[in-house]
Structure formats: structure tokens, C-alpha cells
Amino acid sequence: MSGWPQGYARYVFDVLDSTLAQAARMAPSLNGPAWILALEQTAARGRRGRSWATPRGNFAGTLIMERREGPGVAALRSFVTSLALYRTCVAVTGQPDAFALKWPNDVLLQGGKLAGILLESVGPHLIIGVGVNLAHAPGRDAVEAGALTPVSLKSALDVDVTPEVFFDMLASEYAVAEQQFVTFGFAPIREAWLQHAARLGEVITARTMRDETTGTFEDVDEHGNLILMAAQGRVAITAADVFF
């Protein structure tokens, strides 16, 4: 897939504090969806305010779009983005079996964390931040205890791809998945996502700030919830960190 998708604006910056912050600054003046790429970030962050290392050579991008649905539907775009990321990684490497999707918003490469996604609402806009370890991966000491080891495309597969090339491919893949989502709803996105889900059918642990649930990963339901078969029965989990 090649070429920039029609209807999406494209912005590339050499250095930003973070693409998420830049997206929030730009959102009020935009007339349609727009992608932002930073070749270097100085104050990047991930979920729950965690820092995210983004040296030059890695991918740091954000999509800004008008949020026309309720928060629950808009949040399903984490799956749309995950699927687009998976397809981009496969297109870059030609190795579909090397990648898996970890609920709710990570892309794994050979069992390590390659990419993460962060969704935020800013006024009437939805902002989707994407970070991918293309050339470099943070050290094991940079992640919390029990988290997956970060990996990069370069270290794991010896694949070199520039952030700009990855940017164009991801934007194209996202546009296709977004059109499918808008036209047909979450069902086909969910089905495709589950085909690449990490640890489906296996025992995993979902941990929130208050508690944790361990059970067999059975499904993702029509609302994007993680479905576990736990000791207390079938449990639907809306938001959590997942540990294997």
C-alpha cells in the first residue's frame, strides 16, 4: 500500500515536546483529520503518564480527528489503530507470524513490546498517539516489574525502516481500517483483531489500580471489553494492564 490517504492532512516536525501535546495545540484550527510525526520527542508519555523513550529513528505519531460518536464508540479506535499497526508491520517485514496484538493497545514482536497506543479526548477531538520502536528499544530497567521486554524492528528482525516511510504506510492502512469501522461498525474490526490476539485461550492477569483478575482470555466483546473466564465466572474488564 502506498500513497498518502485522501482527506488526511500530513505534518512532519523535526523535534516536538510530544506529538500528543502538539495535536492538542493544533486541534482547534484543523478542518479535518490530520497526522503528526515527530522525528524526535523531548517529553513523550504513554498510558497513565508513563514516559516513553523516543530517540531519533523510532516512530512517534499522532492522529487528530473529530469525535462524532460517544466515548465508548470512539475508544474502539484503539482496535482500529492496532489493526492498522499490525498490517503496517507485516507490510514492512513480510513476517505476519512475528507480530501479535495485546489487549487493549499494544503490538508485540516475538513476545516483546514493539508499539503502544494512547487515546485521549480534547474537547470535540479524539487524539490517537502511536509509538513504535523501529530502530531502538528502551532497556529492561526502563519498564515496570512484570511488563514485557521492549523490542525494536531492528534488534529483533534486522529490518530498517525510516519513521517517514512507516508514517505513510500506517496512515494508509489506518484510512482503510477507519473506513471499514465507519461503514460496518466494530464487528469486522473485532474479528480481524482477534485473529492476531496475543494469548487468546491462555491464562492471563488483568490488573487495575484497585485489583487484579486472573483467568482464561476467552474473547473481546462488542464493546471492546476483555472477557476472562475466572474463578468467579465470566468477567468483562473495561480497562486494565494485562500481564502474561
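Here the structure is shown first, and the text comes after it.
Treat the numbers as computed from the prediction; the structure is a model and nothing was measured.

The next subject is helix α5 (residues 163-184). Along its 22 residues, α5 runs 31 Å from first to last C-alpha, staying within 8% of the 32 Å computed at 1.5 Å per residue. Just downstream of α5 lies G185, where phi reads positive at about 85°.

Of all the positions in helix α1 (residues 19-26), only T19, L20, Q22, A23 and M26 are classed as buried. Projected onto a plane normal to the axis of α1, the buried residues spread over an arc of 160° and lie on a single side. Contact partners of the buried residues in α1: β1 (9-16), β2 (34-41), β3 (59-66), β6 (112-122) and β7 (125-132).

This part takes up the nonpolar core. Judged by nonpolar contacts, the single largest core of 61 residues is most densely connected at F99 and L114. Apart from the residues lying within four places of it in its own chain, the contact partners of L114 are C89, F99, V107, L108, L109, G131, V132, N133, V151, S152 and L153. Formed by twelve residues, the second largest nonpolar core is a distinct cluster that contains L16, A27, A34 and I127.

Looking now at the pattern of salt bridges. Summed over all chains, the structure comprises 15 salt bridges. Note that E212 and R207 form a salt bridge whose closest N and O atoms lie 2.9 Å from each other. On the basis of relative accessibility, which here comes to 33%, the residue R207 falls in the partly exposed class. Among the ionic pairs, R234 bridges to E218, the shortest N-O distance being 2.9 Å. Of this pair, R234 sits in strand β11 (residues 233-237) while E218 is found in strand β9 (residues 212-220), placing the two residues 16 residues apart along the sequence. Through salt bridges with shared partners, one network takes in D14, E40 and R56.

In this section: the layout of surface pockets. When its volume is computed, the second largest pocket comes out at roughly 480 Å³. Taken together, 24 residues form the lining of the second largest pocket, with A75, S78, P104, L119 and T238 sitting closest to its centre. For the lining of the second largest pocket, the elements supplying multiple residues, two or more each, are α2 (71-75), α3 (77-93) and β6. At five residues, β6 tops the list of elements feeding residues into the lining of the second largest pocket. Considering only residue class, the lining of the second largest pocket consists of 13 nonpolar, eight polar and three charged.

Moving on to the packing of α5 against helix α6 (residues 186-194). The geometry of α5 relative to α6 is characterised by a closest axis approach of 7 Å and an angle of 130° between their N-to-C directions. Judged by the inter-axis angle, α5 sits oblique to α6. Where α5 approaches α6, its residues A177, Q180, F181 and F184 are matched on the opposing element by F186, P188 and I189. Looking at side-chain class alone, the contact of α5 with α6 contains six nonpolar, one polar and no charged residues.

The subject of this paragraph is the sheet that holds β9. With respect to topology, five strands assemble into an open sheet ordered β11-β10-β9-β8-β12, the strand pairing being antiparallel. Bordering the open sheet on either side are β11 and β12 (241-243), each of which pairs with just one other strand. When the angles between neighbouring strand axes are averaged without regard to direction, this sheet yields 45°. For strand β8 (residues 203-207) and β9, the ladder comprises five bridges, and the chain directions are antiparallel. Note that in β9 the partner of V203 across the bridge is T216.

If you walk across this open sheet you meet the seven strands as β1-β2-β3-β7-β6-β5-β4, and the pairing is mixed. Lying at the two open borders of the sheet, with one neighbouring strand each, are β1 and β4 (99-102). Strand-to-strand twist in this sheet, taken as the mean axis angle between neighbours without regard to direction, amounts to 20°. Across seven bridges, the pairing between β1 and β2 is parallel. Residue pairing in the sheet places V15 in a bridge with E40 of β2.

Calculation criteria
- Residues numbered from 1 in each chain as written.
- Predicted model: local features only at pLDDT ≥ 70, side-chain atom pairs only at ≥ 80, totals over all residues.
- Heavy atoms only, no water.
- Helix = DSSP H or I, 4+ residues; strand = E, 2+ residues; numbered from the N terminus.
- Expected span 1.5 Å × (residues − 1).
- Buried < 20%, exposed > 50% of the residue type's maximum accessible area, 1.4 Å probe, protein only.
- Arc of directions from axis to C-beta.
- Contact = heavy atoms within 4.5 Å.
- Core = buried A, V, L, I, M, F, W, Y, C linked by side-chain atoms within 4.5 Å.
- Salt bridge = Lys/Arg side-chain N within 4 Å of Asp/Glu carboxyl O.
- 1 Å grid on protein atoms, 1.4 Å probe; cavity = no way out; pocket = protein on both sides within 12 Å on 5 of 7 lines; lining within 4 Å.
- Points joined across faces, edges and corners; volume = space filled by probe spheres on them.
- Nonpolar A, V, L, I, M, F, W, Y, C, P; charged D, E, K, R; others polar.
- Axes fitted to C-alpha atoms, helices over the stretch in contact; angles between N-to-C directions.
- Parallel < 35°, antiparallel > 145°, perpendicular 65-115°, else oblique.
- Pairing = 2+ DSSP bridges.

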